[in-house]
Each structure stands twice: as C-alpha cells, then as structure tokens.
Amino acid sequence: MVTVAKSFEAPIKLMFPMDLLEKGFAANNFGMLGLGDIVIPGLLIALLCRFDHSHHPGKTRMYFYIGFAAYIIGLTITIAVMHIFRAAQPALLYLVPCCLGLPMFAALLKGDIPALLRYRDYPEKPKEEAHPEKPDKKAL
C-alpha cells in the first residue's frame, strides 16, 4: 500500500519530512497524508458544525471545536507513532477513534447522544398520501 501511494504522483497527498530534526532541510525521508485523511474527518467536523448551528443557535460551537481539536489530537498521535516506529502508519487508524470518540463523549456528558445520532442535515419532507387523488379525465 505504501509503495503504491509513494509512486502515485497526483495532488492527492501531502508530504512532510519525517527526519527534519536530524537532517534539517536536507531531509529525504517523507511521510504522507492522503486526501482521504483530510476530507473524511473534515466532512464529520462540518456536520458537527451544522449540528451545533441547528440545535444550539447563537451559542458556542462546542461540538465543532471538540471535533476540530480531536482531529489535531489524532494527527499528532499519528505523527508521533510514525516517528516512534519509523514506519508508515494509516492516519485514519488514529483519526477515526479521536474524531468520533471525543464528540460522542461530550454528547454523552451533555445528554445530546440521541439528538446527535438522529440528526439529519435536511429533515425529511412529510409523506404524501399513498394514493393521491387523480384528476377526473372528463373535467379536462
């Protein structure tokens, strides 16, 4: 998986030096962060912001800030583990538990878990009758 990701040249990955502290700007060992490691948690954080806006209008964006902090914590853990073991790590392995766990824990403490799990960005429209009346052909 790492070989394929390293050989793929497209603007879907961010590369950062892993040995910057040892070699300075002559670093040649790079770590990667894929587009999915940014977009998937970003969608969750955006949804948490929408939840804050719809359920707590005019108040602080608590779930958004917690989700954003969880993303930073997850990235920090990923980079730390990558430096400790000197091997590539799947970032989502650390991002998913952080980005889901911390907002869910906050919702548990605040009592918002049912509302958070049932949240829909756009509420469903009321259902029409099973058999709507058809216009009379004779009247047309």
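Residues numbered from 1 in each chain as written. Predicted model: local features only at pLDDT ≥ 70, side-chain atom pairs only at ≥ 80, totals over all residues. Heavy atoms only, no water.

Engineer: Explain the overall build of the chain to me, please; I cannot follow it from the model alone.
Structural biologist: Across its full length, the chain carries six helices and two strands. Shown N-terminal to C-terminal, the secondary structure of the chain runs as helices and strands in the order α-β-α-β-α-α-α-α. Classification of the 140 residues of the chain by burial places 24% in the buried group. For the chain, the exposed surface amounts to about 10,600 Å²; the carbon and sulfur share of it is 68%. (Helix = DSSP H or I, 4+ residues; strand = E, 2+ residues; numbered from the N terminus. Buried < 20%, exposed > 50% of the residue type's maximum accessible area, 1.4 Å probe, protein only. Areas by Shrake-Rupley, 256 points an atom, 1.4 Å probe, with all protein chains shown as cover.)

Engineer: In this structure, what is going on with the environment of Arg120? I would like to understand it.
Structural biologist: Secondary-structure assignment places Arg120 in the segment after helix H6 (113-118). In this structure the C-alpha to C-alpha distance between Arg120 and Leu47, which are 73 residues apart in sequence, comes to 9.3 Å.

Engineer: In this structure, what is going on with the side chain of Asp37? I would like to understand it.
Structural biologist: Note on placement: Asp37 falls in helix H3 (residues 36-55). Owing to a relative accessible area of 13%, Asp37 belongs among the buried residues under this scheme. Discounting residues that sit within four places of it in the chain, Asp37 has contacts with Tyr71, Ala91, Leu92 and Leu95. (Contact = heavy atoms within 4.5 Å.)

Engineer: Looking at this structure, how should I read the state of the cysteines?
Structural biologist: In a disulfide, the sulfur atoms of two cysteines are covalently bonded to one another. Within this structure, the stated rule accounts for zero disulfides. There is no disulfide at Cys98, and the cysteine sulfur nearest it, in Cys99, is 6.6 Å away. On the basis of relative accessible area, Cys98 is assigned to the buried category, the value being 14%. (Disulfide = S-S within 2.5 Å.)

Engineer: Looking at this structure, I do not really get a nonpolar patch on the surface. What am I missing?
Structural biologist: There is a patch of nonpolar side chains on the surface, built from Ile12, Leu14, Leu35, Ile38, Val39 and Leu43 and spanning about 500 Å² of accessible area. By secondary structure assignment, the location of Leu14 is in strand S1 (residues 13-17). Leu14 sits in the partly exposed class, given a relative accessible area of 47%. (Patch = residues over 30% accessible without salt bridge, like charges linked within 9 Å, V, L, I, M, F, W, Y side chains within 5 Å. Salt bridge = Lys/Arg side-chain N within 4 Å of Asp/Glu carboxyl O.)

Engineer: Can you help me understand the packing of H3 against helix H4 (residues 62-85) in this one?
Structural biologist: Working note: a packed helix pair is described by the angle between its axes plus the distance between those axes. Between H3 and H4, the shortest axis-to-axis distance is 7 Å and the interhelical angle comes to 160°. The angle between the axes of H3 and H4 places the two elements in the roughly antiparallel class. The handedness of the crossing between H3 and H4 comes out as right-handed. Where H3 approaches H4, its residues Asp37, Ile38, Pro41, Ile45, Leu48, Cys49, Phe51 and Asp52 are matched on the opposing element by Met62, Tyr63, Phe64, Gly67, Phe68 and Tyr71. (Axes fitted to C-alpha atoms, helices over the stretch in contact; angles between N-to-C directions. Parallel < 35°, antiparallel > 145°, perpendicular 65-115°, else oblique. Left-handed = near helix turned anticlockwise from the far one by under 90°.)

Engineer: Looking at this model, I keep getting lost on the nonpolar core. Mind explaining?
Structural biologist: As a rule of thumb, soluble globular proteins bury nonpolar side chains together. Formed by Leu48, Phe51, Tyr63, Ala106, Ala107, Ala115, Leu116 and Tyr119, the largest nonpolar core amounts to eight residues. Each residue touching Ala115, except ones within four places of it in the same chain, is listed here: Phe51 and His55. In this structure, Leu33, Leu75, Ala91 and Cys99 belong to the second largest nonpolar core, which totals seven residues. (Core = buried A, V, L, I, M, F, W, Y, C linked by side-chain atoms within 4.5 Å.)

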